[in-house]
Amino acid sequence: KDCKQSLQCFSVTPLPRLLLLLLLLLCLLQYNNIEALVTKLGIPDPFTPYTKSSFWSPEGLQVESPVFQDLPLLPTPLGSFVHTAPLFRNLSLLDRATAVPLVKPLLEHDLDEAIYRHYDSMSAYELFKSAGLSSQLYDKFLVPMLLVTLFAPPTELSAAAALGALYYFALAHQPDFDVRWCKGPIGQTIFEPLVQHLKTLGVRVLGSRRVQDILPAKLINPGPTGSSPKTLATVLDPALPRVVAAQGPEGLTEHYDADVIVLAAGVPALQRLVMQSRVLASAEDLRGVLGVGCSDVLAVRLWLDQKLELRSSSNVVAGFDEGVGGTFFHLNELQVRHLLCILWYGEQPYTWRLR
């Protein structure tokens, strides 16, 4: 439809907060669409410079990640290997060399559907064990890295999923490792301008509504050939989802007709919708989501009573509790403009954010 027409945008349910953070905070160089979006919206300088990151365990600092684009460019994968080699604190070169057998799976795991299914049928732990990785490499690097990228240990991940994540740490272009962060809350900095832009195009954004069901389209059954209009009947096509039923702000059920329904939902919300909707449950591919596992993710903002000097403004932590990994950020450094606004109202300035 022409964007100048009155369109209706209905979000089935918001993406999990952490997923949005990963999509927008981890603004890597290959995400040119995000760069183009903030330029189109006229958002001035929303991201920090590219930052170094530190990886911590109970033994202390394990490794640092430099800003690769500031270093000499080398062919893949030499760039990541050479430039991080002196930055590992507790993992020997010999241990890191045991990862060489993973190069072949990294290169071929998604070449075609058959190969992908092969790797998807085994766990990441089984792949690492068969490849002969050292226990030090597995315990001190791979397990923590997968905990903070895919939120699950190798025993609970398919080899295909783990290889897809590790690709960016081994075979991606050298500058693609670099990360930068939003200078303020993403909702205020990016999503509010985006919503305002969509409204100028005639889009209606309806919030404070919880989707209860996806209903089938209503079709007209003309009846036998030559029948009169009185014999027309309304029937439901169970294979054609066209109506969103949601609970409105007043607690009443609202119905919205739609040409297309986008299920931009997290796994638990999507599982609930599939179980409640006969239309969605009739689709075999969507029923498969009922077997997808989830990880609990917690985000906390801490206000400290004194300023702490940190080695890096963005950090990864793992190994303090079994099966748990996280990240923490020094918001005083990453969200300077936002914190200046907070200071204006007299709140405590020293902040960390933990995930």
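All values derive from a computational prediction rather than experimental measurement.

What counts, and at which threshold
Residues numbered from 1 in each chain as written. Predicted model: local features only at pLDDT ≥ 70, side-chain atom pairs only at ≥ 80, totals over all residues. Heavy atoms only, no water. Helix = DSSP H or I, 4+ residues; strand = E, 2+ residues; numbered from the N terminus. Buried < 20%, exposed > 50% of the residue type's maximum accessible area, 1.4 Å probe, protein only. Contact = heavy atoms within 4.5 Å. Areas by Shrake-Rupley, 256 points an atom, 1.4 Å probe, with all protein chains shown as cover. Core = buried A, V, L, I, M, F, W, Y, C linked by side-chain atoms within 4.5 Å. Expected span 1.5 Å × (residues − 1). Bend = angle between axes of the 7 residues up to and from the residue. Axes fitted to C-alpha atoms, helices over the stretch in contact; angles between N-to-C directions. Left-handed = near helix turned anticlockwise from the far one by under 90°. Nonpolar A, V, L, I, M, F, W, Y, C, P; charged D, E, K, R; others polar. Pairing = 2+ DSSP bridges. Salt bridge = Lys/Arg side-chain N within 4 Å of Asp/Glu carboxyl O. Polar contact = N/O pair within 3.5 Å; in protein donor to acceptor, adjacent residues only side chain to side chain. pLDDT = per-residue confidence, 0-100. Phe/Tyr/Trp six-rings, centres within 6.5 Å; stacked < 30°, edge-to-face > 60°.

(A) Region of interest: the overall build of the protein chain. Across its full length, the protein chain holds 15 helices and eleven strands. For the protein chain, buried positions account for 39% of its 355 residues. Expressed as a percentage of contacts within the protein chain between residues at least 6 apart in sequence, the contacts between residues at least 24 apart total 67%. Working note: accessible area of the protein chain is about 20600 Å², and carbon and sulfur atoms make up 59% of it.

(B) The nonpolar core, seen in detail. Counting residues in hydrophobic clusters, the biggest one holds 32 residues, and the most contacted among them are Leu127, Phe128 and Phe141. Elements that contribute at least two residues to this core include exactly helix H7 (124-131), helix H8 (135-149), helix H9 (159-170) and strand S9 (314-318). Of the residues forming this core, the biggest block, nine residues, is contributed by H8. Apart from the residues within four sequence positions on either side, Phe128 is in contact with Leu102, Leu133, Tyr138, Leu142, Leu146, Pro154 and Leu166. Counting residues in each nonpolar core, the second largest holds ten residues, with Ile214, Val244, Ala265 and Leu270 among its members.

(C) Fine view of helix H10 (residues 186-200). Helix length check: H10 (15 residues) gives 21 Å between terminal C-alpha atoms against 21 Å at 1.5 Å per residue, within 8%. At Glu192, H10 shows its maximal bend, which comes to roughly 25 degrees, and the proline Pro193 appears one to four places after that position. Those residues of H10 not exposed but buried are Ile186, Thr189, Ile190 and Leu194. At the C-terminal side of H10, Gly202 shows a positive phi close to 95 degrees.

(D) Representation of the packing of helix H2 (residues 32-41) against H10 in the model. The contact between H2 and H10 brings their axes to 10 Å, and the two run at 65 degrees. Note on packing geometry: the crossing formed by H2 with H10 is left-handed. Taking contact as the criterion, the partners of Leu37, Val38, Lys40 and Leu41 in H2 are, on H10, Ile190, Pro193, Leu194 and His197. A breakdown of the residues in the contact of H2 with H10 according to their chemical character gives six nonpolar, one polar and one charged.

(E) Main features of the pairing of strand S3 (residues 60-65). Burial analysis of S3 places five of its six residues in the buried class, the great majority of the element. The pairing of strand S2 (residues 53-57) with S3 spans five bridges and is classified as antiparallel. Looking across to S3, one finds that Phe55 is bridged to Val63. Hairpin connection between S2 and S3: a loop of two residues separates the two successive antiparallel strands.

(F) Layout of the pattern of salt bridges. Tallied over the full model, the rule gives eight salt bridges. Notably, a salt bridge pairs Lys183 with Asp45, separated by 2.5 Å at the nearest N-O pair. Note that Lys183 is positioned in the loop between H9 and H10 and Asp45 in the loop between H2 and S2, a separation of 138 residues in sequence. With a relative accessible area of 48%, Asp45 lands in the partly exposed category. When salt bridges with common partners are traced through the structure, they connect Glu64, Arg89 and Arg311 into a single cluster.

(G) Seen up close, the side chain of Ser314. The residue Ser314 is located in strand S9 in this model. At a separation of 3.2 Å, a polar atom in the side chain of Ser314 contacts the main-chain carbonyl oxygen of Lys52.

(H) Layout of the confidence of the model for the protein chain. Residue-level pLDDT values for the protein chain average 78, and 77% of them are 70 or greater. The secondary-structure element of the protein chain with the lowest mean pLDDT is strand S1 (residues 7-9), recorded at 33, while H7 shows the highest, at 96. With pLDDT under 50 throughout, residues 1-29 is counted as low confidence; its partners more than four residues away or in other chains account for 85 contacts. Here residues 219-235 scores under 50 on pLDDT; set against residues more than four positions off or in separate chains, the count is 17 contacts.

(I) Structural view of H8. Over its 15 residues, H8 runs 20 Å from end to end, which matches the ideal 21 Å to within 8%, given 1.5 Å per residue. At Leu142, H8 shows its largest bend, some 30 degrees, and a proline, Pro144, comes one to four positions later. Here H8 has its buried residues at Leu137, Tyr138, Phe141, Leu142, Val143, Pro144, Met145, Leu146, Leu147 and Val148. Once H8 ends, the next one or two residues include Phe151, with phi positive near 60 degrees.

(J) Geometry of the packing of aromatic side chains. The final tally for this structure, using the stated rule, is five aromatic pairs. By the ring-pair criterion, three or more aromatic residues cluster together here, those being Phe55, Phe88 and Phe141.

(K) Geometry of unusual backbone geometry. One non-glycine residue, Asp45, lies in the positive phi region at around 50 degrees. The phi torsion at Phe151 lies on the positive side, around 60 degrees, for a residue other than glycine. The topology assignment puts Phe151 in the loop between H8 and H9. What makes Phe151 partly exposed here is its relative accessible area of 28%.

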